[in-house]
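Architecture at a glance
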Amino acid sequence: MRICVIGLGYVGAVTAVCLARDGNQVLGIDLDPTKIDLLKRGQAPIIEEGLQEVTLAAAQSGRLEVASEVDARIATCDLIFVCVGTPSAPNGSQNLAAVERVAQQIGAALKSASGFPIVVMRSTIYPGTTDTFVQPLLEASSGKKANVDFGLCFQPEFLREGSSIKDFYKPPFTIVGSNSDKPVAVVRELFKALPGEFIVTSTRNAEMMKLACNAFHAMKVSFANEVGRLGRSLGVDARAVMDLLCRDTSLNISPAYLRPGFAFGGSCLPKDLRALLYMAKRNDVELPLLKGIADSNVDHIDHALTLIRASGNRKVGMIGLSFKAGTDDLRESPLVTLAEQLIGKGYELKIYDPAVSLARLIGANKRYIQQTIPHIESLLTDDLAATGAYGEVIVVGHRSNEIDAAVGGWLKAGKHVVDLAGVNGAGNANYAGVCW
Ligand SMILES: NC(=O)c1ccc[n+]([C@@H]2O[C@H](COP(=O)([O-])OP(=O)(O)OC[C@H]3O[C@@H](n4cnc5c(N)ncnc54)[C@H](O)[C@@H]3O)[C@@H](O)[C@H]2O)c1
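Let us look at the structure shown here. (Residues numbered from 1 in each chain as written. Predicted model: local features only at pLDDT ≥ 70, side-chain atom pairs only at ≥ 80, totals over all residues. Heavy atoms only, no water.)

Some details on the site of the ligand
- Every one of the 22 residues lining the ligand counts as a neighbour, but Val11, Asp30, Lys35, Thr86 and Glu161 are closest to it.
- Within the side chain of Asp30, a nitrogen or oxygen atom sits 2.6 Å from an oxygen atom of the ligand.
- With respect to the ligand, the backbone of Thr124 contributes an N or O atom lying 2.9 Å from an oxygen atom.
- Burial of the ligand by the protein amounts to 79% of the accessible area it has alone, namely 830 Å².
- Among the elements that make up the shell around the ligand, the one with the highest residue count is helix H4 (residues 97-110) (three residues).
- A breakdown of the residues in the shell around the ligand according to their chemical character gives 10 nonpolar, six polar and six charged. (Near = heavy atom within 4 Å. Polar contact = N/O pair within 3.5 Å; in protein donor to acceptor, adjacent residues only side chain to side chain. Areas by Shrake-Rupley, 256 points an atom, 1.4 Å probe, with all protein chains shown as cover. Helix = DSSP H or I, 4+ residues; strand = E, 2+ residues; numbered from the N terminus. Nonpolar A, V, L, I, M, F, W, Y, C, P; charged D, E, K, R; others polar.)

Observations regarding helix H15 (residues 401-412)
- Along H15, the positions that sit buried rather than exposed are Ile403, Ala406, Val407, Trp410 and Leu411. Axial view of H15: buried residues confined to an arc of 135°, hence all on one face. Exposed residues lying more than 90 degrees from the buried face of H15 are Asn401, Ala405 and Lys412.
- Each element contacted by the buried residues of H15 is listed here: strand E9 (315-319), helix H14 (384-390), strand E12 (393-396), strand E13 (416-419) and strand E14 (431-433).
- A positive phi of about 85° marks Gly414, the residue just after H15. (Buried < 20%, exposed > 50% of the residue type's maximum accessible area, 1.4 Å probe, protein only. Arc of directions from axis to C-beta. Contact = heavy atoms within 4.5 Å.)

Thoughts on the side chain of Thr327
- As for its position among the elements, Thr327 is in the loop between E9 and helix H12 (334-344).
- Once you skip the residues sitting within four places of it in the chain, Thr327 turns out to touch Ser322, Ala355 and Val356.

Things to note about the side chain of Asp353
- Examined against the element boundaries, Asp353 turns out to sit in the loop between strand E10 (348-352) and helix H13 (363-372).
- One buried charge, Asp353, has no salt-bridge partner; the nearest side chain with opposite charge is Arg360, at 8.8 Å.
- Separated by 2.8 Å, the side chain of Asp353 and the backbone nitrogen of Leu321 make a polar contact.
- With residues up to four places along the chain from it excluded, the contact list for Asp353 reads Gly320, Leu321, Ser322, Thr381 and His398. (Lys, Arg positive; Asp, Glu negative; His and termini not counted. Salt bridge = Lys/Arg side-chain N within 4 Å of Asp/Glu carboxyl O.)

Things to note about the layout of surface pockets
- The computed volume of the second largest pocket comes to approximately 670 Å³.
- As for the second largest pocket, its lining consists of 26 residues, of which Glu157, Phe158, Leu159, Lys210 and Asn214 are closest to the centre.
- For the lining of the second largest pocket, the secondary-structure elements that each account for two or more residues are helix H1 (10-21) and helix H8 (203-233).
- For the lining of the second largest pocket, the leading source of residues is H8, giving five residues.
- Looking at side-chain class alone, the lining of the second largest pocket contains 11 nonpolar, eight polar and seven charged residues. (1 Å grid on protein atoms, 1.4 Å probe; cavity = no way out; pocket = protein on both sides within 12 Å on 5 of 7 lines; lining within 4 Å. Points joined across faces, edges and corners; volume = space filled by probe spheres on them.)

Re the packing of helix H10 (residues 269-282) against helix H11 (residues 288-310)
- It is at 10 Å that the axes of H10 and H11 come closest, and there the two elements cross at 145°. Between H10 and H11 lies a crossing of left-handed hand. Contacts from Leu273, Leu276 and Leu277 of H10 reach H11 at Leu290, Lys291, Ile293 and Ala294.
- Across the contact of H10 with H11, the residue classes tally to six nonpolar, no polar and one charged. (Axes fitted to C-alpha atoms, helices over the stretch in contact; angles between N-to-C directions. Left-handed = near helix turned anticlockwise from the far one by under 90°.)

Structural notes on the pairing of strand E2 (residues 25-29)
- Judged by how many residues are buried, E2 sits mostly within the fold: four of five residues are covered.
- Inspection of the sheet shows strand E1 (residues 2-6) paired to E2 by five bridges, in the parallel sense. Among the inter-strand pairings, Cys4 is bridged to a residue of E2, identified as Leu27.
- You can see the chain leave E1, run along H1 and come back into E2, and the turn it takes is right-handed.
- Pairing analysis gives four bridges linking E2 to strand E3 (residues 64-67), with the strands arranged parallel. Of the residues in E3, the one forming a bridge with Ile29 is Ala67. (Pairing = 2+ DSSP bridges. Right-handed = clockwise from strand over helix to strand, strands pointing away.)

Dropping the structure here:
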């Protein structure tokens, strides 16, 4: 294929030389004259393991051309990869100046395009940037329409500096965010030899996913470091602890606990997090990330409360009370906290939870609910339909087949649904998901 790569930094240089090595005709463009000079001489513009050899081979093959300005040649390319930097502005926002300038330049060059060049955004950008920033710029400067005269998509890059060539050829997966099929087909063809799944999603999902990945990586580093600092203060080698932690691939290094939903609770997570933070306090160890987890959980419950309040209704039908469906453990259930707060604010409640029977509750569990909501008995019902009929707003905290089946009827009857559990109601004006 004929490919243009704009921005020859860590991402762009690796992309350009690898694609040239793989047999594509590549035009690399960068503002920086030093990088252009080096590449013309077959020298890698950045230090990366293996990059020098691949760069030399690409230059000698005659398949790698370079230029310091976008020019008319890009109009004949099948794919135009945008890999310019998106550095932080002083206030933390993303500086999109390079993306803006390049989009305008590409648009101007696309005026003379006769084929269907596809612009592939690879710079890490805010969700919505491809559709609401880049596309209008391209259309305004080219006078053409996206998905009619040219293609546009976002393909996040997952390479890491230091192992970028290896990462380029062995990505965890290839993701293309696009609102149209044609760009997807061409990108799929280009990368068909790569291992890993090829996944198509919306541009916004792909843009957000890349940012979420990096936040997740950063969080993992800080988590391990906080466990390390606390371990050190306790005479524990956290390297061994984290090695063990990582060996659990069913609950730890796995999708478990990684789905947006309602707050965590129960008899273990809040208690043990508090115990860890207490030890840190006692040993004068600052653990802002772990401390922030508890704050984040409180914020999440507050957010649910805000959604219920926003419905404008005072009668609440609450579905689920225990800390997760199928158990009667009420200790530190976030749904109990939510119910308690609603009661405190004068809301009227009926609560349905088939796993919770007051007559069967014993021990700490019983004491907890009696202390937290002393008149719980008068609120609990074992009748889902009656709870739905009672509530003007239905707060769905648990899922089951019967609950899932009831949601449509509640919405049809004009009730508001605040969904903490992931039932199906999206698209209805009276439906609000807690974080979707
Ligand atoms: N570095 C990584 O490991 C990595 C991994 C994945 C994604 N990303 C993302 O990819 C993007 C690029 O990252 P990078 O590390 O390669 O950046 P970089 O700063 O190393 O390279 C960016 C290049 O773009 C060039 N450039 C800027 N404006 C230009 C213009 N108008 N025309 C032509 N060239 C221009 C610069 O001269 C520079 O060489 C960023 O959005 C980054 O967040 C980086």
